[in-house]
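Descriptive structure summary
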Amino acid sequence: MTGAERVFLGWDGAILPRAAAWLLANESHPLADLVVVVPGRRSGRLLLSHLVAIVERRSMAEAFVPPRIVTPGELPELFYRTPRAIASRRERVLAWCEVLAGTDDIAERIAFARDLVQCQDELGEEGLRIRDVPERAPAAIGAGGEAERWQSLAALEVDQLARIERGGGTDPTAARLVALEGGVTRGGGPAVVLCCLAALRGLERRFLESFASHVTALVGAPESEAARFDAWGSVDVEAWRRSQVTVAKESLLLVDRPRDQARVVASQVEAALERVEVDGTAAEEWPGVTVGLADPSLSGVVVEALADRGLPVHDAVGRPLVSSAPWRLLLAAGSYVEKRATRELARLVRHPDLERHLAPLLDAAVAATQPATRDLRLALEAGDWLTALDLYTSETALEPTTGTLPGDAAGAALVAAADAAILTPFGEGPELRPLAEWTARIQNFLLRVYGDRSLGDDAADRALARALQRLADELQSQAQACVASGGGPLVRLRDAIELLAGEVAGESLGVDSGGPSIEMIGWLELPLDDAARLVVAGLDETSASAVLSGGLLSPPLRRSLGLQDAETLHARDLYYLELLMESRETTFVTGRRGAQNEPLAPRRILLAGATRELVETVLTFWSEGRSDGEEDDAETGETGFGPILPSPDAPVPDRLPATAFRDYLSCPYRFYLRHVLGLRQVRDLPGELLPGDFGRLLHAVLGRFALSPAASSDDPDVITRALFELLEEEAALRSGRTPRVAVRLQLEQLRRRLRSFAAWQASQSSAGWTIDRELVEVRVEAALDVDGTPFIVTGRIDRVDRHPTAGARLLDYKSAEQATTPEQAHRAGKRDQRRWIDLQLPLYELMLRQHGGVGVSAGTGLELGFINLGHRLSAEPMAIAPWTAADLADAQATARDVVRAIRARRFWPPGEAPPYADGFEGLVGDSFPDRARYLSRGSC
């Protein structure tokens, strides 16, 4: 047999209903005796449903026995038996790992073993082995190192196959080749119908030639196109490469980003459904509209866009299985056990499934501790473990979670409890263990997290159940593979998990709405879908070029060996494109840019038309201006995106720190977010001490110094040594004895600043100034009378110095990079129009005067100033404010005005954006191109 009997079904309408009708009308072979080969499992289900529907309409149900429906990959095993079990892909990978045992890096060994199995599979599709490559393609591999490489791999393949045999299995390609060379067959092979197979592989053709009694190829095209298909009904690559396939301009919508594609797809689907309802053209075999994705990464945004319009989706494309919750948890756990790093721990604590498991353990661990800071206490009381972890790690800049943990005892207890809970199922450290042992420990870990989890019937729980089932299947398969190889190789936990994930790398996790829904399928399934209308998105070259990238088989080598290559795929896609356009109403949507704003190129099939249409497509694709199908938000009013206006019923504070007045004077809305709603920025695992923590460390050192005997010394060296010792102690408390490199650099910066401060401090002592020990790092407050109702202002005074004749001065440490004077920090504007922008020092002066028993009262000389300890050090770090009593009275009047505005809830509009990031820039739209327009959309 040199080919199949070709039957052309035409392409005016859906293909599968025609194929089903032909199968039932065919009298050459009983339906029950046929083997029907379809491109994929979904098309097989659809074909069977069409057969059943026709049988029921014709009242033939009693005599109906369906044919056996298989995919091309299942076809060879219909014709032979083997005394040994076919080795799984994992067993073959492990056999290669044993053969490659001389490789030092285990992860590299596993990755190379996986590449070799992929190479064997691709060669096997054409009935070839690795040993055939040097003989079949000498010109493609050349002489020298590349030829020696393939000869070495061929020798290693012999050993790999022998190891599989010793484990009781057999390699699938080896078994198939034995069958073709005279193995035992089932005898009297069945008649086979190839249903619209665009590409039949060489091994499959050899089996059909050897064992099938008859082969019919149903071709989804009219007989006038016969020259573009080979003897088996597959596409003729050269003929399709020469074809001109043009997408009509009105059928191709070009937009910008992925979300634009998703929005246009949803709009097209909605319009198509409305037309079906109005014109009533949807017959039983034409069930509405299907969405096709040539780029699977669009799945998420398209589902969201359809859901926004109330359109439920059955997403057969889905997201990658390894991105589902259980797989992400397992990958993160393996990374943490390997590195024991804070960032990896935070990734785990962020996982909602693990957080549910950890909550009671963490609650018990911190119950007996007393947090040192208010923020950490509030986070722990609320069970907000992630915020608590971020607060602790940002303060300490913690790197490894091993050893004695520094800083706040409550934060340290939190980290230690999370660390223990994760490590318990796995054991200490990333040591080497047999793969079988790691597989059992992984199962134990997952049972701890998910073992008592009750799942419902909503879409999320159904997806979780599918992901867990696949994970269980892979664990069982891995355990069985380890039995066949004597426990498996010695690996790390990370490697064991990567072996699991590698087996499902190409699988997706679909989304099922649970009821009637829009079908969303991949590019390869579209030609045999039977919807009346199709909307296809993602026709860019990025997703197409990734199909055959990488691996051991170069493009020239593929061509020499007759393997599938880029030209084969291009010919197949051209056929699919023309079939979609000819068989039903199809709209194509594609984008110019990706999710990261990277420019995209159109898929090659869009450039296969006649020259004039090709030029128009290219010009349109890279044109500027509004794209097809895009709408202006301002015109449609479809989005209410904007800030949330302050609530008129929001409770207002009756006490504030002195520094909060600066926040209100700068931006009332930011004040509302920070001091009324209580929002604050918590940095995610900074690589170094944040500015606030850097400043607090400096303040802690200087505070302890002021209470030490060295504070009265006039010797710079004595003061320097005392400051350095205190810095070492405080740094160790916060970041441990071995902080990360970035923190060590920051400590060196602090030493430079403290050395400069020591010289200045010594000069002040020589001049007769002493630090008042009663007023070092002291908390004070004052009652500000505002319209007869007191408002409490609070603060912490860094230090007060006294002099026998010069009086007293209140000094505030400043650790900002740029030195500043009190006047520059507190007032702005022209000389005769100065306005208060900060009230810290004037309010500190008021609080100190109300602080009884310290010898500072009205009429007593009290200077206000800064000690600048920034990056640019100077001989005179102190800057004194030049304010008069009238200036201070004016500052208090400004403070009263601020309190009145707060009590009146005047928090809108926002002020100007600050020159630094404070965490609120997104809410206030600081960097938005049209900030005024964004702020005008604010809604309650």
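Quick note: structure is the one above.
Residues numbered from 1 in each chain as written. Predicted model: local features only at pLDDT ≥ 70, side-chain atom pairs only at ≥ 80, totals over all residues. Heavy atoms only, no water.

1. Here we look at the overall build of the protein chain
Scanning the protein chain for helices and strands turns up 36 helices and 26 strands. C-alpha atoms of the protein chain, sized along the principal axes, occupy 120 × 65 × 55 Å. Scored against the burial criterion, the 940 residues of the protein chain give a buried share of 51%. A sequence separation of at least 24 residues applies to 76% of the contacts in the protein chain between residues at least 6 apart. Distance between charge centroids for the protein chain: 4 Å, based on 104 positive and 135 negative side chains. (Helix = DSSP H or I, 4+ residues; strand = E, 2+ residues; numbered from the N terminus. Buried < 20%, exposed > 50% of the residue type's maximum accessible area, 1.4 Å probe, protein only. Contact = heavy atoms within 4.5 Å. Lys, Arg positive; Asp, Glu negative; His and termini not counted. Charge placed at Lys NZ, Arg CZ, Asp CG, Glu CD.)

2. Some remarks on empty space enclosed by the protein
The final tally for this structure, using the stated rule, is 3 cavities of 30 Å³ or more. Volume-wise, the largest cavity comes out at about 50 Å³. Together, Val245, Thr246, Val247, Leu606, Ala608, Gly609, Glu613, Leu614 and Thr617 line the largest cavity. When the residues that make up the lining of the largest cavity are grouped by side-chain class, the tally is 5 nonpolar, 3 polar and 1 charged. (1 Å grid on protein atoms, 1.4 Å probe; cavity = no way out; pocket = protein on both sides within 12 Å on 5 of 7 lines; lining within 4 Å. Points joined across faces, edges and corners; volume = space filled by probe spheres on them. Nonpolar A, V, L, I, M, F, W, Y, C, P; charged D, E, K, R; others polar.)

3. Points about the pattern of salt bridges
In this structure the tally under the stated criterion is 71 salt bridges. Residue arginine 41 is joined to glutamate 74 by a salt bridge in which the shortest nitrogen-to-oxygen separation is 3.1 Å. With arginine 41 in helix α2 (residues 41-57) and glutamate 74 in the loop between β3 (68-70) and β4 (85-86), this residue pair connects regions lying 33 residues apart in the sequence. Given the relative accessible area of 27%, glutamate 74 is considered partly exposed. Several salt bridges share partner residues, and in doing so they unite Arg90, Arg470, Asp473, Glu474 and Glu507 into one network. (Salt bridge = Lys/Arg side-chain N within 4 Å of Asp/Glu carboxyl O.)

4. So, the sheet that holds strand β6 (residues 191-195)
Taken together, the 5 strands give an open sheet; going across it, the order is β1-β7-β6-β2-β3, and neighbouring strands pair in parallel fashion. At either end of the open sheet lies a strand with only one pairing partner, and these are β1 (5-8) and β3. Here the strands of the sheet are splayed against their neighbours by 20° on average, with no regard to which way each runs. The sheet contact formed by β6 and strand β7 (residues 214-219) spans 5 bridges and is parallel. Counted as the bridge partner of valine 193 is threonine 216 from β7. (Pairing = 2+ DSSP bridges. Axes fitted to C-alpha atoms, helices over the stretch in contact; angles between N-to-C directions.)

5. Some remarks on the sheet that holds strand β10 (residues 313-320)
The mixed open sheet is built from 7 strands, whose spatial order is β8-β16-β15-β9-β14-β10-β13. The sheet terminates laterally at β8 (252-255) and β13 (508-511), the two strands that pair on one side only. On average, each strand axis in the sheet is tilted by 25° relative to the strand beside it, whichever way the strands run. Pairing of strand β15 (residues 533-537) with strand β16 (residues 585-591) involves 5 bridges; the strand directions are parallel. Bridging from a neighbouring strand, valine 535 pairs with threonine 587 of β16.

6. Things to note about a nonpolar patch on the surface
A contiguous nonpolar patch, built from Leu677, Leu679 and Leu923 and spanning about 240 Å² of accessible area, is present on the exposed surface. As for its position among the elements, leucine 923 is in helix α35 (residues 921-924). (Patch = residues over 30% accessible without salt bridge, like charges linked within 9 Å, V, L, I, M, F, W, Y side chains within 5 Å. Areas by Shrake-Rupley, 256 points an atom, 1.4 Å probe, with all protein chains shown as cover.)

7. Observations concerning helix α18 (residues 409-423)
Structurally, the α-helix is built with 3.6 residues per turn, so residues lying three or four positions apart point the same way. Here α18 is 15 residues long and its end C-alpha atoms lie 21 Å apart, about the 21 Å a rise of 1.5 Å per residue gives. The buried count for α18 comes to 12 of 15 residues, which makes it a mostly enclosed element. Every buried residue of α18 is accounted for by Ala410, Gly411, Ala412, Ala413, Leu414, Val415, Ala417, Ala418, Asp419, Ala421, Ile422 and Leu423. At its buried positions, α18 is contacted by α13 (325-339), α14 (342-349), α15 (352-366), α16 (374-381) and α17 (385-396). (Expected span 1.5 Å × (residues − 1).)

8. Examining the nonpolar core
Core analysis: the largest hydrophobic core is formed by 88 residues, its most contacted members being Leu123, Trp150, Ile442, Phe445 and Leu561. Sorting elements by how many residues they give to this core places α18 first, with 10 residues. Setting aside residues no more than four positions away along its own chain, leucine 561 makes contact with Leu123, Leu128, Val133, Arg136, Ala137 and Leu553. In terms of nonpolar packing, the next biggest core, distinct from the first, is built from 57 residues, Leu47, Val55, Ala226 and Ala531 among them. (Core = buried A, V, L, I, M, F, W, Y, C linked by side-chain atoms within 4.5 Å.)

9. Here's the deal with the pairing of β15
β15 sits mainly inside the fold: 5 of its 5 residues count as buried. The two faces of β15 match: Arg533, Val535 and Ala537 on one face and Leu534 and Val536 on the other face are all buried. Examined bridge by bridge, strand β9 (residues 289-293) and β15 share 5 bridges and lie parallel to one another. Following the sheet pairing, threonine 290 is matched in β15 by leucine 534.

10. Some details on the pairing of strand β22 (residues 807-814)
Within β22, 6 of the 8 residues are buried, leaving the element largely enclosed by the surrounding structure. Both strand β21 (residues 799-803) and β22 contribute to a ladder of 5 bridges, which runs antiparallel. Along β22, the bridge assignment pairs aspartate 801 with arginine 809. The turn joining β21 and β22, which pair antiparallel and follow one another in sequence, is formed by 3 residues. Taken together, the 7 bridges between β22 and strand β25 (residues 862-868) define a ladder with parallel strand orientation. Note on β25: the bridge partner recorded for alanine 808 is leucine 862.

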